[in-house]
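The primary structure of each chain is shown beneath.
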Amino acid sequence: MFSRSPLSLPTACQGAKRWLIAAVLCSILLSFGQFNRYYLGVAMDVGINIILAVSLNLINGYTGQFSLGHAGFMAVGAYTAAKFSLVFAVAAPEPARPVLFLVALVLGGAVAALSGLAVGIPSLRLKGDYLAIVTLGFGEIIRVIVQNLEAVGAASGLKGIPKYTTLGWTFALASVTVYVVVSLVNSTYGRGFIAVKDDEVAASSMGINPVRYKVTAFVVGAFFAGIAGGLYAHHKQFLAPTGFDFLKSIDIVVMVILGGMGRTASVALAAVVLTLLPEVLRPVSEYRMILYALLIIGLMMARPQGLFAFGRRAVK
Amino acid sequence: MEFLQQLINGLALGSIYALIALGYTMVYGVLRFINFAHSDVLMLGAFSAYYLAPAVARVLPLPSIGGALVVGLLACLICAGLGVLIERLAYRPLRSRPKLTVLITAIGVSLFIEYTGQHRAVFGADTKRFPELMPGTEFHLGSLIVGSNDLVVLVTTLLLLAGLWFIVHRTKVGTAMRAVSHNQQAAALMGVDINRIIAFTFALGSALAAVAGILYALKAPGIDPLMGVQPGLRAFIAAVLGGIGNLPGAALGGLVIGLLETFAGGISGLSNYRDGIAFAILILILLFRPAGLLGKVTVEKV
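Note that the structure is predicted; figures quoted are calculated from it, not measured.

A. Structural detail: the pairing of strand 2 (residues 144–147) of chain B. By the bridge criterion, four bridges tie strand 1 (residues 138–141) of chain B to strand 2 of chain B in an arrangement that is antiparallel. Paired with Glu 138 of chain B across the bridge in strand 2 of chain B is Gly 147 of chain B.

As structure tokens, then:
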């Protein structure tokens, strides 16, 4: 199933690098433009959600694990990066700030990756529903800890985070995420993710260590979720523990499912559509979430392989 | 004394979790997926009672034991019907699909019920005061205070557990349920009507959820469309803790989570971490017993 992605050919992989450079350059150019504040905010939400969905797709889509705790990783990254900025970047001179912002983002990603390692280890023994509940539990534990930690504002939230996130930063990092996930999965090493998803026993009999691949998927996925969290923190300038609850994780899972598990381009497209959908539905905001729920149910009935999963064979 | 008091409170809370967890575990037994909408059936049970109470009060005196029984039974019937309806409309068309598809659909159904309930034309998002269904008193045993509600919870749970045990082990439909959970195809070949048994399982689980919802509402300050989420999550943990698909496991898991929550709440400094502790314990136990406490000991699943 889904064993190849649109960029799976080696030649296409070289193309991917060109695309990456082009995307990053476009992002940098974009950040010089002047935009309406509302559209700008929505566009940054889109970019952040692309990072979240594409990184979760590595865990849920390519490797076949079922993680319900992506918002937890995002929270770890968001709080780490925000705290770092509040302590160091605010006092630093103006020119040093972009560098410090990058450091904050990478630090947030790294701490999130560590927590990904901590969650990946139980996957040594757990499968399916049991793994799903452990990841769900992890997300809830993170939320409860943050809610009680005075250093990050506890239940009243973390305020006054500097606004460093720009459209350029967001889309440059989204491009990097897409590039890393696509290249990883299409590398010789990365074929192992798909092998583990398709058949763990067969994979391990071919010399692939499933545990290693699962933990790697969790660590890499968590790293980018942490980056997305950092961007989110410096975009909204305010963090509340309730923003990282179970529902946020579900939102990201729905993006992955809507796009089509294990299809990076489709998942990114789904992230765009699902971020814009609430904005489009603003006039009927009363019914917005009801429609969202019906969309999930209808989608699972009509197109369980994903709304944007074109061109290849459907789920067995 | 302090310890005994906490024990009683913990047991009462744990019994409610046990009733909810049984619904999760029964559905898992026959269909092998976690029915996320179960916590919302619990909420619908409490709301059924909320709207039924004034109607019943015209015929029977309320609060009274008889009136409460009538309200409870009617709420059970409504929820059993809703459970069957959810299964028929949302889950049956997907029965041959991958489990993940059904799981996501269940999340969708859960969100649908919650958001529809919050719409002002349905229940509204505000918290409503739950009517008093039973005359409440407190019994003082030395320095121990036992609320009549706690006793009602404990007695009801015990009776329902006994009833459930009887249905599953001593009736024809119960035997069929066990057969379906053991091997669906073989059961079908033996002449078991799979659709009917699955519908019955949903009805039974939803009726238990309705009772749990009413009992929970009696102890809670009020009811709202999201009231099922927290107890639902705890009961879900309880079901996995006991070994999902295992009936005694769900009851045991419910009691363990209820007691843990109550005792952790009594320790100052830990009480704020209550929500996290249940999960932390679950993760620890799953590391050592990946199939839950009773997951492997009993082969029989319902």
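B. Quick look at the interface of chain B and chain A. Contact residues are listed per partner, giving 45 residues for chain B and 37 residues for chain A. Counting each side, the surface lost to burial between chain B and chain A is near 3500 Å², with a carbon and sulfur contribution of 77%. Broken down residue by residue, the surface that chain B buries against chain A is led by Ile 104, Tyr 115 and Tyr 273 of chain B, which jointly contribute 16%. Linking chain B with chain A are one salt bridge. Among the salt bridges present, the one from Arg 120 of chain B reaches Glu 286 of chain A, with a minimum N-O distance of 2.7 Å. Applying the counting criterion to the chain B and chain A interface returns four residue pairs in polar contact (both at pLDDT 80 or more). Sorting the residues of the side of chain B that touches chain A by element identifies helix 3 (65–91), helix 4 (99–118), helix 9 (229–242) and helix 11 (274–288) of chain B as the ones contributing at least two each.

C. Seen up close, the packing of aromatic side chains. Enumeration according to the criterion identifies 22 aromatic pairs over all chains in this entry. Geometrically, the ring pair formed by Phe 73 of chain A and Phe 138 of chain A is tilted, given 5.1 Å between the ring centres and 40° between the ring planes. Residue Phe 73 of chain A is found in helix 3 (residues 70–89), and its partner Phe 138 of chain A is found in helix 5 (residues 128–148); the two are separated by 65 residues along the sequence. Judged by its relative accessible area of 1%, Phe 73 of chain A is buried. Overall, Phe 138 of chain A belongs to the buried group, its relative accessible area being 11%. Here the aromatic rings of Phe 84 of chain A and Phe 88 of chain A are separated by 4.9 Å at their centres, their planes lie at 40°, and the arrangement is tilted. Placement of both Phe 84 of chain A and Phe 88 of chain A in helix 3 is noted, with a separation of four residues, approximately one turn of the helix. Three or more aromatic residues joined by ring pairs make a cluster, and in this case those are Phe 246 of chain A together with Tyr 24, Phe 36 and Phe 236 of chain B.

Conventions we followed
Residues numbered from 1 in each chain as written. Chains lettered and ligands numbered in written order. Predicted model: local features only at pLDDT ≥ 70, side-chain atom pairs only at ≥ 80, totals over all residues. Heavy atoms only, no water. Pairing = 2+ DSSP bridges. Helix = DSSP H or I, 4+ residues; strand = E, 2+ residues; numbered from the N terminus. Contact = heavy atoms within 4.5 Å. Buried area = accessible area lost by both parts, 1.4 Å probe. Salt bridge = Lys/Arg side-chain N within 4 Å of Asp/Glu carboxyl O. Polar contact = N/O pair within 3.5 Å; in protein donor to acceptor, adjacent residues only side chain to side chain. Phe/Tyr/Trp six-rings, centres within 6.5 Å; stacked < 30°, edge-to-face > 60°. Buried < 20%, exposed > 50% of the residue type's maximum accessible area, 1.4 Å probe, protein only.

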